[in-house]
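What follows is the residue order along each chain.
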Amino acid sequence: MRRLGIAAAVGAALFGSARLPAAAAEDTHLKDAPGRELTVGRCIVCHSLEYIPANAPAENRAGWQKTIQKMRERFGAPITDEEAQQILDYLDANYSGKS
Amino acid sequence: MLSRRDLLLATAAGWVCPRVPADERASTAPEVLAALPGKQALIQRAFRPPNFETPLAQLAAPFTPNDAFFVRYHLAVIPRIEPHAWRLNVGGASVQHPFSVSLRDLRGSFERASLAAVNQCSGNRRGLFSPRVPGVQWGNGAMGNALWSGVRLRDVLKRAGVGAAALEVVFSGADSAVLPATPNFVKSLPIERALDENTLIALEMNGQPLPHWNGAPARLIVPGWTGTYWMKHLTDIRVEPKPFDGFWMKAAYRVPTGAFPGARFASQESAETTPITEILVNSLIVSPQNGARLKRGERAELIGKAWDNGAGIEAVEVSSDARRSWRDATLGRDLGRFAWREFRMPLDTSGAGPLELAVRARSRNGARQPDALTFNPSGYHDNIVQTVSLEIA
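Conventions we followed
Residues numbered from 1 in each chain as written. Chains lettered and ligands numbered in written order. Predicted model: local features only at pLDDT ≥ 70, side-chain atom pairs only at ≥ 80, totals over all residues. Heavy atoms only, no water. Helix = DSSP H or I, 4+ residues; strand = E, 2+ residues; numbered from the N terminus. Buried < 20%, exposed > 50% of the residue type's maximum accessible area, 1.4 Å probe, protein only. Contact = heavy atoms within 4.5 Å. Areas by Shrake-Rupley, 256 points an atom, 1.4 Å probe, with all protein chains shown as cover. Buried area = accessible area lost by both parts, 1.4 Å probe. Salt bridge = Lys/Arg side-chain N within 4 Å of Asp/Glu carboxyl O. Polar contact = N/O pair within 3.5 Å; in protein donor to acceptor, adjacent residues only side chain to side chain. pLDDT = per-residue confidence, 0-100. Pairing = 2+ DSSP bridges. Expected span 1.5 Å × (residues − 1). Arc of directions from axis to C-beta. Phe/Tyr/Trp six-rings, centres within 6.5 Å; stacked < 30°, edge-to-face > 60°. Axes fitted to C-alpha atoms, helices over the stretch in contact; angles between N-to-C directions. Parallel < 35°, antiparallel > 145°, perpendicular 65-115°, else oblique. Left-handed = near helix turned anticlockwise from the far one by under 90°. Disulfide = S-S within 2.5 Å.

Enquirer: What am I meant to see in the overall build of chain A here?
Expert: On a plain count of helices and strands, chain A comes out with 5 helices and 1 strand. Along chain A, helices (α) and strands (β) appear in the sequence α-β-α-α-α-α when read from the amino end. Residue burial in chain A is summarised as follows: out of 99 residues, 38% are buried. For chain A, long-range pairs separated by at least 24 residues make up 59% of all intrachain contacts whose partners lie at least 6 apart in sequence. Just so you have it, chain A exposes about 5700 Å², and 54% of that area is on carbon and sulfur atoms.

Dropping the structure here:
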């Protein structure tokens, strides 16, 4: 916390006190819909969640399927077949082609 | 519905028509400014692993400030390294005398070397790609220019004694993945690139110790090659007689074979894909920014940066008539062939109306920025001619 405070103070000195830059934080909230909890639970093991909305414009169902497969096979994410299906349904319904 | 701006433009053009912006390639990703400890507020593309982009205004200085320099990680476990505890291990099947060295001894035992160089992420501008491709949705700021100081990799390898069969040099750093099953970020270079006198192990950036988020206490500098090879928090160097077969070489950071110019990485090439290597000739308009309004009759100047793989920038041309004719901009001070080169051109603000400018750089090796994007699935090498739409009123 102390480090963040210093960063904020340095930021304030550089940007003027009118606007404090926010300290970087992990605070993305994924859309409330069936499958959200499972998706959050599996994805946040390795990365923060803004990767999901940030990539939405570049993704569709086939794209998300490829991404989930990459996370499982290349990066070793512990996700079962059944879970992968639920995560795919959630991501496709909520983050395909949308930001 | 026409806005006031559209009406002004319509009046200037003499008839009403839908206005097509010159640069429609604005990233759709929202831009959140946030500060990592020790950094200014940067564009937060992702928090963990941290990926933070330098805002355009911070790319104006000849040397990008350390606390504004972009941050790019693949894996989320990033230890803060105590300089006195750090060691660099040099070994591998193709060295005669493996050794380990402390930071102090590394600094003290090898000749000091410095150079200015652009560090550009392979995926810089991925967020501008059309069609969109997955990955960190970078705008223009996954790059910066800095003065890097340290020792030559070549000198360090020579002490270890490089055998005749050496093919690649493999680099790994202290950062790692959350899950043991995730491949660690390990990269290799062709032996000849590793032995190039310009490949450095940097300990300093712009005269200061390397910032934590940019690879403290030591990182690799591969001038002219994209950032993926610039290993941060460097801890291990291995010289090997075989191609390194890790994920980050064999499956990531690859482009279609033959699609782009630049150095070949023959030992890693397949018929379909090949590793991304050298930076392509490119330029960036820093100011005025797209959509800016200029006051009629007031002095105004187009300012930007141009860079390439180290051949050096020969010229930067500007067109104000939809790319029919081009005029040379004035080049700024030469900071070294691997650095970017500033360009400037006064703008004619005598008449009201829209002003669309296109900028293209030419390298001393003859390469010029293309008009059209060469699509590739990972979104690399976006060096197409940039445009800005301004309005004089």
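Enquirer: Explanation requested: the interface of chain A and chain B in the structure shown.
Expert: Reports often express the size of an interface as the amount of accessible area lost when the parts come together. At the interface, 30 residues of chain A touch 34 residues of chain B. Both sides together, the interface formed by chain A and chain B hides about 2500 Å², and carbon and sulfur atoms give 61% of it. It is Ala24, Tyr51 and Phe75 of chain A in chain A that bury the most area against chain B; as a group they hold 21% of the surface buried on that side. The tally of links between chain A and chain B comes to 1 salt bridge. The partner of Glu26 of chain A in a salt bridge is Arg48 of chain B, with the nearest N and O atoms 2.8 Å apart. At the surface where chain A touches chain B, the tally comes to 15 residue pairs in polar contact (both at pLDDT 80 or more). Mapped by element, the contributors of at least two residues to the side of chain A that touches chain B are helix 1 (2-15), strand 1 (22-23) and helix 3 (51-55) of chain A.

Enquirer: Help me understand the confidence of the model for chain B, please; the structure alone is not making it clear to me.
Expert: Detailed reading of the predicted model is not advised wherever pLDDT is low. Residue and element names in this part refer to chain B. Taken residue by residue, chain B gives an average pLDDT of 93. The fraction at 70 or more is 92%. This model gives residues 1-24 a pLDDT under 50, and the stretch forms 24 contacts once residues within four places in sequence are excluded. The ipTM assigned to the predicted complex is 0.87, against a pTM of 0.90.

Enquirer: I keep staring at the sheet that holds strand 3 (residues 51-53) of chain B and nothing clicks. Help me out?
Expert: Sheets are built from strands that pair by backbone hydrogen bonding, the pairs being arranged parallel or antiparallel. Strand order in the open sheet formed by 5 strands is 1(A)-1(B)-2(B)-3(B)-4(B), with mixed pairing between adjacent strands. Each end of this open sheet is capped by a strand with a single partner; those strands are strand 1 of chain A together with strand 4 (71-72) of chain B. Direction of pairing for strand 1 of chain A relative to strand 1 (residues 33-35) of chain B: parallel, over a ladder of 2 bridges. Residue pairing across strands places Ala22 of chain A opposite Ala34 of chain B, the latter belonging to strand 1 of chain B.

Enquirer: Is there a simple way to explain helix 4 (residues 61-73) of chain A in this structure?
Expert: Because the α-helix completes a turn every 3.6 residues, residues three or four places apart line up on one side. Residues and elements named next belong to chain A. Taking 1.5 Å of rise per residue, the 13 residues of helix 4 would be expected to cover 18 Å, and the 18 Å separating its terminal C-alpha atoms lies within 8% of that figure. Taken as a whole, helix 4 has its buried residues at Gly63, Trp64 and Ile68. Each buried residue of helix 4 sits inside an arc of 135 degrees when the element is viewed along its axis, so together they form one side. More than 90 degrees from the buried face of helix 4, the exposed residues found are Ala62, Lys66 and Glu73. Lining the buried residues of helix 4 we find helix 3 and helix 5 (81-95). For helix 4, the N-terminal cap is Asn60; the gap from its side-chain oxygen to the backbone nitrogen of Ala62 is 3.2 Å.

Enquirer: What am I meant to see in the packing of aromatic side chains here?
Expert: All names here are of chain B. A full pass over the atoms with the stated rule returns 14 aromatic pairs over all chains. Their ring planes at 85 degrees and their centres at 6.3 Å tell us that Phe70 and Trp138 sit as a pair that is edge-to-face. Taken as a pair, Phe70 in the loop between strand 3 and strand 4 and Trp138 in the loop between strand 7 (112-120) and strand 8 (143-152) lie far apart in primary sequence, 68 residues in all. An identical accessibility class is assigned to Phe70 and Trp138; each is buried.

Enquirer: Would you mind going over the packing of helix 4 of chain A against helix 5 of chain A with me for this structure?
Expert: Packed helices, taken two at a time, are described by the angle their axes make and the gap between the axes. Residue and element names in this part refer to chain A. Running from N to C, helix 4 and helix 5 cross one another at 140 degrees; their axes reach a closest spacing of 9 Å. Comparing the axis directions of helix 4 and helix 5 gives the class oblique. Here helix 4 and helix 5 pass one another in a crossing that is right-handed. In this structure, helix 4 contributes Arg61, Trp64, Gln65, Ile68 and Arg72 to the contact, and helix 5 contributes Asp81, Ala84, Gln85, Ile87, Leu88, Asp89, Leu91, Asp92 and Tyr95.

Enquirer: Can you help me understand helix 2 (residues 36-43) of chain A in this one?
Expert: For helix 2 of chain A, the full list of buried residues reads Arg36, Leu38, Thr39, Val40 and Cys43 of chain A. Where the residues of helix 2 of chain A are buried, they touch helix 3 and helix 5 of chain A.

Enquirer: I tried to follow the pairing of strand 5 (residues 87-91) of chain B on my own but got confused; where do I start?
Expert: Along a regular strand, successive side chains alternate from one face of the sheet to the other. Pairing between strand 5 of chain B and strand 6 (residues 99-102) of chain B: 4 bridges, direction antiparallel. By the bridge assignment for strand 6 of chain B, Asn89 of chain B is matched with Ser100 of chain B.

Enquirer: I would appreciate a short explanation of the environment of Ala251 of chain B in the present structure.
Expert: For Ala251 of chain B, the position within the fold is in the loop between helix 5 (247-250) and strand 15 (254-256). Residues Ala251 of chain B and Glu269 of chain B, spaced 18 residues apart in sequence, show a C-alpha to C-alpha distance of 11 Å.

Enquirer: Sorry if this is basic, but what is going on with the sheet that holds strand 21 (residues 327-328) of chain B here?
Expert: Residue and element names in this part refer to chain B. Pairing is mixed across the open sheet formed by 5 strands, whose spatial order is 18-25-24-20-21. Of all strands in the sheet, those bounded by a partner on one side alone are strand 18 (293-294) and strand 21. In the sheet, strand 24 (residues 353-363) pairs with strand 25 (residues 386-392) via 7 bridges, with the strands oriented antiparallel. Looking at the pairing, Leu355 lines up with Leu390 of strand 25.

Enquirer: Explain the environment of Arg132 of chain B here, please?
Expert: All names here are of chain B. On the secondary structure map, Arg132 appears in the loop between strand 7 and strand 8. Each C-alpha atom of the pair Arg132 and Gly379 lies 8.2 Å from the other, and the pair is 247 residues apart in sequence. A polar atom in the side chain of Arg132 sits 2.9 Å from the side chain of Gln137.

Enquirer: What is the right way to read the state of the cysteines from this model?
Expert: Here, disulfide denotes a covalent bond that connects the sulfur atoms of two cysteines. If you walk through the whole model with that rule in mind, you get 0 disulfides over all chains. Here Cys43 of chain A is not disulfide-linked; the sulfur of Cys46 of chain A is the nearest cysteine sulfur, at 9.2 Å. Considering cysteine sulfurs only, Cys46 of chain A is the nearest to Cys121 of chain B, which forms no disulfide, with 20 Å between them.

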